[in-house]
Amino acid sequence: MISSRVAPSPPSVASPTLFLRRTNLRSPPRTPAATVKYQRLRLQPIMSGGGKGLTYKDAGVDINAGTELVRRIAKMAPEIGGFGGLYEHGDGYLVAGTDGVGTKLKLAFETGIHHTIGIDLVAMSVNDIITSGAKPLFFLDYFATSKLDVDLAEKVIKGIIDGCKQSDCVLLGGETAEMPDFYANGEYDLSGFAVGFVKKDSVIDGKKNIVAGDILIGLPSSGVHSNGFSLVRRVLAKSGLSLSDQLPGNNGKPITIGEALMTPTVIYVKQVLDIISKGGVKGIAHITGGGFTDNIPRIFPDGLGAKIFTNSWEVTPVFHWLQQAGAIEDAEMRRTFNMGIGMVLAVTKDAANRILADSSVVAYRIGEVVHGEGVIFS
């Protein structure tokens, strides 16, 4: 049985023009076949020194397969690569993004925490489209399960509605698919997409505007957000702890590992749009799969890179535990997780001073744009 949930009177759309799609690598909610999303970036194998520490590849994400998929898709759609896709419409662009929540769903099933996973789903798409300066307009979701549990589905959809409220956008509709024998009992899958709008003269495009000397401002994350959970689950298994155990090293604050890991993704829409409205923002990177290493360079023109000051912000305790319990190398952590920074803005020096002086904004000066390629950590 398949049913649609659609709001009346959808807006009309104009002529086609553009292009882009942002994606990342993440392992699937169901095991055997790996789901690999693609990005128009050079993907390098993740390795651990001496074979001691866990890696994302150990957890089931096949980087080589992802690289091959990128190569094939680039032949068919050479314009892919942005965080959101732009579609020309009147005096501006519709900006679209789509995503899921990956194997964080596995933890939702194990913890029974279903009321916030919908926030994660909305966040992953709206946080992508605001990197172009777009205000989210509406969101649609897809909820699939083998046997519909109405009470559970209601909790999930309520989280989606909460995420839309935080994003100041509308849940326009969705799809509920009941597919017997396709999923394990009590399990479901989620995906969704968001559409926003930005005027042509307000598009944020770092590749056209960023120069050496610009400042990198980091906005804090709430934790792991919605990427890297295949590695998270492998670390949990290695640690010998359970989701109901207290998170080690959390400065004496009581929180279980399950609660810490299920903390919903921050929705940056209102904060980022407010910062943009005050001027000086040249580029924005959403720190998801690929971490600092792969996401920040995506907004730079050729010949520019990032110098990151590694002690310039407070790393969330959950990342300290993950690294220690999994014996994960620094480079692997920085490529897999957000490390406490969920959004990075490249701004002018004046804008940086203004943002950091604003007591209503929690932000860090985490680095600067430099000549070169990639990301340097110092």
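Residues numbered from 1 in each chain as written. Predicted model: local features only at pLDDT ≥ 70, side-chain atom pairs only at ≥ 80, totals over all residues. Heavy atoms only, no water.

Once that is clear, we can look at the overall build of the protein chain. Scanning the protein chain for helices and strands turns up twelve helices and twelve strands. Expressed as a percentage of its 378 residues, the buried residues of the protein chain come to 53%. Put simply, of all contacts in the protein chain between residues at least 6 apart along the chain, 84% involve residues at least 24 apart. Here the protein chain has roughly 16400 Å² of accessible surface; of this, 55% comes from carbon and sulfur atoms. (Helix = DSSP H or I, 4+ residues; strand = E, 2+ residues; numbered from the N terminus. Buried < 20%, exposed > 50% of the residue type's maximum accessible area, 1.4 Å probe, protein only. Contact = heavy atoms within 4.5 Å. Areas by Shrake-Rupley, 256 points an atom, 1.4 Å probe, with all protein chains shown as cover.)

Another point: the packing of aromatic side chains. Following the criterion strictly, the structure yields six aromatic pairs and no others. Arranged with centres 5.4 Å apart and planes meeting at 10 degrees, the rings of Phe 292 and Trp 313 form a pair that is stacked. Separated by 21 residues along the polypeptide, Phe 292 in helix 9 (residues 291–295) and Trp 313 in the loop between strand 9 (304–308) and helix 10 (317–326) bring together distant segments of the chain. Like Phe 292, the residue Trp 313 is buried in the burial classification. Judged by centre distance (5.9 Å) and plane angle (50 degrees), the ring pair of Phe 319 and Phe 337 falls under tilted. Here the residue Phe 319 occupies a position in helix 10, and Phe 337 occupies one in the loop between helix 11 (330–336) and strand 10 (341–347), the gap between them amounting to 18 residues. The pair formed by Phe 319 and Phe 337 is uniform in burial state, with each residue classed as buried. Of the aromatic side chains, those joined through ring pairs into one cluster are Phe 109, Phe 143 and Tyr 188. (Phe/Tyr/Trp six-rings, centres within 6.5 Å; stacked < 30°, edge-to-face > 60°.)

Here we take up the pairing of strand 2 (residues 85–89). By the bridge criterion, five bridges tie strand 2 to strand 3 (residues 92–99) in an arrangement that is antiparallel. What sits directly across from Leu 86, in strand 3, is Val 95. Taken together, strand 2 and the strand that follows it, strand 3, pair antiparallel across an intervening segment of two residues, in which Gly 90 is found at a positive phi of about 65 degrees. (Pairing = 2+ DSSP bridges.)

Glancing now at the sheet that holds strand 10. Paired through their backbone hydrogen bonds, the strands of a sheet run either parallel or antiparallel. Strand order in the open sheet formed by six strands is 8-10-7-11-9-12, with mixed pairing between adjacent strands. Each edge of the open sheet carries a strand with a single partner, namely strand 8 (281–286) and strand 12 (375–377). This sheet shows a mean twist of 25 degrees between the axes of neighbouring strands, independent of strand direction. Packing against the sheet, helix 8 (residues 269–277) makes contact with strand 7 (215–220), strand 8 and strand 10, and its axis sits at approximately 165 degrees to strand 8. (Axes fitted to C-alpha atoms, helices over the stretch in contact; angles between N-to-C directions.)

Let us now look at the pattern of salt bridges. What the rule picks out here adds up to ten salt bridges. Arg 335 is the salt-bridge partner of Asp 294, the closest N and O atoms lying 3.4 Å from each other. Placement of Asp 294 in helix 9 and of Arg 335 in helix 11 is noted, with a sequence separation of 41 residues between them. The class of Asp 294 is buried, set by a relative accessible area of 11%. On the basis of relative accessibility, which here comes to 13%, the residue Arg 335 falls in the buried class. Linking Glu 368 and Arg 365 is a salt bridge whose minimum nitrogen-to-oxygen distance equals 3.8 Å. A residue is classified by how much of its surface remains accessible, and Glu 368, at 23% relative accessible area, is partly exposed. (Salt bridge = Lys/Arg side-chain N within 4 Å of Asp/Glu carboxyl O.)

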